[in-house]
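Okay, here's what each chain looks like letter by letter:
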Amino acid sequence: MAAPAGSIRPQRVYPSSRMIPSATPVRDQFARPLGSLRLSVTDRCNMRCSYCMPETEYTWLPRASLLTFEELTRVTRIFASLGVRKVRLTGGEPLLRHGLPVLVRELAAVAGVDEIALTTNGLLLRRSAGELRDAGLDRVTVSLDTLRPERALVFSRTANHADTIDGVRAAREAGFAGVKLNTVVIRGFNDDELIDLLEFSREHGAETRFIEYMDVGGATRWSMDDVVSRERMLAIIESRYGRVDALHDGGPAPAERYRLPDGLSFGIIASTTAPFCRSCDRSRLTAAGTWLLCLYADDGVDLREPLRGNATDDEIAGLIRSRWQQRTDRGAEARLGIPDRGVLYQVESLRADPRREMHTRGG
Ligand code: SF4
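We now turn to the structure provided with this report. Keep in mind that what you see is a predicted model, and the values were worked out from it rather than measured.

## Some words on the packing of helix H1 (residues 69-80) against helix H2 (residues 100-108)
Packing of H1 against H2 leaves a shortest axis separation of 10 Å and a crossing angle of 25°. Considering their axes alone, H1 and H2 lie roughly parallel with respect to each other. Judged by the sense of rotation from one axis to the other, the crossing of H1 with H2 is right-handed. Between H1, through Phe69, Glu70, Leu72, Thr73 and Thr76, and H2, the contact on the second element is made entirely by Leu100, Val102, Leu103, Glu106 and Leu107. Taken together, the residues that form the contact of H1 with H2 break down as 6 nonpolar, 2 polar and 2 charged.

## Points about the packing of aromatic side chains
If you walk through the whole model with that rule in mind, you get 8 aromatic pairs. Centre to centre, the rings of Tyr58 and Trp60 are 6.0 Å apart; their planes meet at 35°, and the pair counts as tilted. On the basis of relative accessible area, Tyr58 is assigned to the buried category, the value being 13%. Residue classification places Trp60 among the partly exposed positions, given a relative accessible area of 27%. Taken together, a centroid distance of 5.5 Å and an interplanar angle of 25° make the contact between Tyr258 and Phe266 stacked. Each member of the pair, Tyr258 together with Phe266, is buried. An aromatic cluster is built from Tyr51, Phe155 and Phe189, whose rings are joined through pairwise contacts. The ring of Tyr241 carries the charged tip of Arg240 above its face, separated from the ring centre by 4.6 Å. Just above the ring of Phe30 sits the side chain of Arg330; from NZ or CZ to the centre is 4.5 Å.

## A short note on the site of the ligand
Close to the ligand lie 13 residues; Cys277, Cys280, Cys294, Leu295 and Ala332 are nearest. Split by residue class, the shell around the ligand holds 7 nonpolar, 1 polar and 5 charged.

## Quick notes on helix H3 (residues 125-135)
Each α-helix winds once per 3.6 residues, and so residues spaced three or four apart point in a common direction. Taken together, the buried positions of H3 are occupied by Leu125, Ser128, Ala129, Leu132, Arg133 and Ala135. The arc that holds the buried residues of H3, viewed along the axis, is 150°, so those residues lie on one side. Of the surrounding secondary structure, the elements contacted by the buried residues of H3 are H2, strand E3 (115-120), strand E4 (139-143) and helix H5 (161-173). Looking one or two residues past H3, Gly136 carries a phi angle of roughly 120°, positive in sign.

## A word on the side chain of Thr158
Residue placement: Thr158 occurs in the loop between helix H4 (149-155) and H5. Among the polar contacts listed, one links the side chain of Thr158 to the backbone nitrogen of Asn160, at a separation of 3.0 Å. Ignoring anything within four residues of it in the chain, the contact list for Thr158 reads Met47, Leu123, Ala152 and Leu153.

## A few points about the packing of H1 against helix H9 (residues 313-325)
Direction vectors running N to C along H1 and H9 enclose 60°, while the axes themselves pass 10 Å from each other. Classed by the angle they form, the pair H1 and H9 counts as oblique. As H1 packs across H9, the resulting crossing turns out to be right-handed. Listed contacts from H9 to Arg74, Ile78 and Phe79 of H1 are Asp313, Ile316, Ala317 and Ile320.

## A few points about the sheet that holds strand E11 (residues 290-292)
Pairing within the open sheet is mixed, and its 12 strands lie in the order E7-E8-E9-E6-E5-E4-E3-E2-E1-E10-E11-E12. Edge strands, defined here as strands with exactly one partner in the open sheet, are strand E7 (245-247) and strand E12 (301-302). Packing against the sheet, H1 makes contact with strand E1 (36-40), strand E2 (86-90), strand E10 (282-285) and E11, and its axis sits at approximately 165° to E1. The sheet strands contacting helix H6 (residues 194-203) are strand E5 (180-185), strand E6 (207-212) and strand E9 (265-269), and the helix crosses E6 at an angle near 150°.

## Quick word on the nonpolar core
In terms of nonpolar packing, the biggest core is built from 102 residues, with Phe79, Leu89, Phe210, Ile237, Phe266, Trp291 and Ile320 touching the most fellow members. At 6 residues, H1 tops the list of elements feeding residues into this core. When sequence neighbours within four positions are dropped, the list of residues in contact with Leu89 reads Leu39, Val41, Pro94, Leu100, Leu103, Val104, Leu107, Ile116, Ala117, Leu118 and Thr119.

## A short note on the environment of Glu106
Locating Glu106 in the fold gives a position in helix H2. For Glu106, a relative accessible area of 26% gives the class partly exposed. Between the alpha carbons of Glu106 and Arg74 there is a distance of 9.6 Å; along the sequence they are 32 residues apart. Ignoring any residue separated from it by four or fewer positions in sequence, one finds Glu106 in contact with Phe69, Glu70 and Thr73. At 2.8 Å, the side chain of Glu106 forms a polar contact with the side chain of Thr73.

## Topic: unusual backbone geometry
Note: most peptide bonds trans; most residues except glycine with negative phi. That bond from Gly91 to Gly92 is cis: its omega, 10°, falls within 30 degrees of zero. Positionally, Gly92 belongs in the loop between E2 and H2.

## Side note on the state of the cysteines
Evaluated as defined, the whole model comprises 0 disulfides. As a non-bridged cysteine, Cys52 has Cys49 as the owner of its nearest cysteine sulfur, 6.7 Å distant. For Cys52, a relative accessible area of 14% gives the class buried.

Rules and cut-offs
- Residues numbered from 1 in each chain as written.
- Predicted model: local features only at pLDDT ≥ 70, side-chain atom pairs only at ≥ 80, totals over all residues.
- Heavy atoms only, no water.
- Axes fitted to C-alpha atoms, helices over the stretch in contact; angles between N-to-C directions.
- Helix = DSSP H or I, 4+ residues; strand = E, 2+ residues; numbered from the N terminus.
- Parallel < 35°, antiparallel > 145°, perpendicular 65-115°, else oblique.
- Left-handed = near helix turned anticlockwise from the far one by under 90°.
- Contact = heavy atoms within 4.5 Å.
- Nonpolar A, V, L, I, M, F, W, Y, C, P; charged D, E, K, R; others polar.
- Phe/Tyr/Trp six-rings, centres within 6.5 Å; stacked < 30°, edge-to-face > 60°.
- Buried < 20%, exposed > 50% of the residue type's maximum accessible area, 1.4 Å probe, protein only.
- Lys NZ or Arg CZ within 6 Å of the ring centre and 35° of its normal.
- Near = heavy atom within 4 Å.
- Arc of directions from axis to C-beta.
- Polar contact = N/O pair within 3.5 Å; in protein donor to acceptor, adjacent residues only side chain to side chain.
- Pairing = 2+ DSSP bridges.
- Core = buried A, V, L, I, M, F, W, Y, C linked by side-chain atoms within 4.5 Å.
- Disulfide = S-S within 2.5 Å.

In short, the description is geometric, and any link to function would need to be established separately.
Below, the structure written as structure tokens:
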């Protein structure tokens, strides 16, 4: 039975495990803590959003290369012992990974992990929202780039847009409070829907975050001309609702939050025009076990081999600790300084190394 709507999840009781969560997180060269881990559990997706998977053909990760639930839980335990407190499940589309509630239940028992979240396109959420909630999932973010099915058909090549909308409802019915809606705003595609999306979030008790279009791996059609800046978004919103107040929440979360005069809150993630690398505590693990210290990182650390080899938890923890302590990545800031900035990767280099693809790194 799903927990009552908005109910506080009872304090987790952690079975004693060898890897005790450290009180003080490991810090990088800019004193940024190793705080939140994005776990990609599959590179597959049932949509083809043009800012992530615009091509028709993709090189998929071999199934045998995907980390098992045991390996994902073990590595999360190791990261938690180094200070990770938040885990976000991503993909591709994470709900395509069979048995995901089983993994959520295992991760919910990892000492030190305070929050488990999920980013999904919502197409499969109706069928598993209740089970995920019961397994210990805390928060859900649904990617919703348009309210118009005909646009979703062209932009994301899906004829099932109604399932995403129903997925938002299913998340609330399952008891998830504070459902977030992520919208990547692109000039000439959905920049005329900001108001509609805000009103949709009001109607569904969710909070929308408008995301600036990013030139990350996979965005092979990206151009600065198609980017709608934070300033431009605020101007559109204020022209409809009047002056908007900034909510200075602080913290490493990427979204800057705002409140309309009538109290409705929303967020803007200005990754392209005003990156927030200075407080970035995020890293990513691909479904095949490559640990990436930045969304723009060209390469990462292979953790699958030591996980499947004879390395002990302490040895893997040592590898992660020393690598994070050397971290200086500020990818989005570095991109900001490039004149006449174009796409990050051409199709050929993405094919050469699928780990560069957004759908393998989990956004
Ligand atoms: S670009 Fe890299 S360093 Fe900057 S916020 Fe994104 S992941 Fe963090």
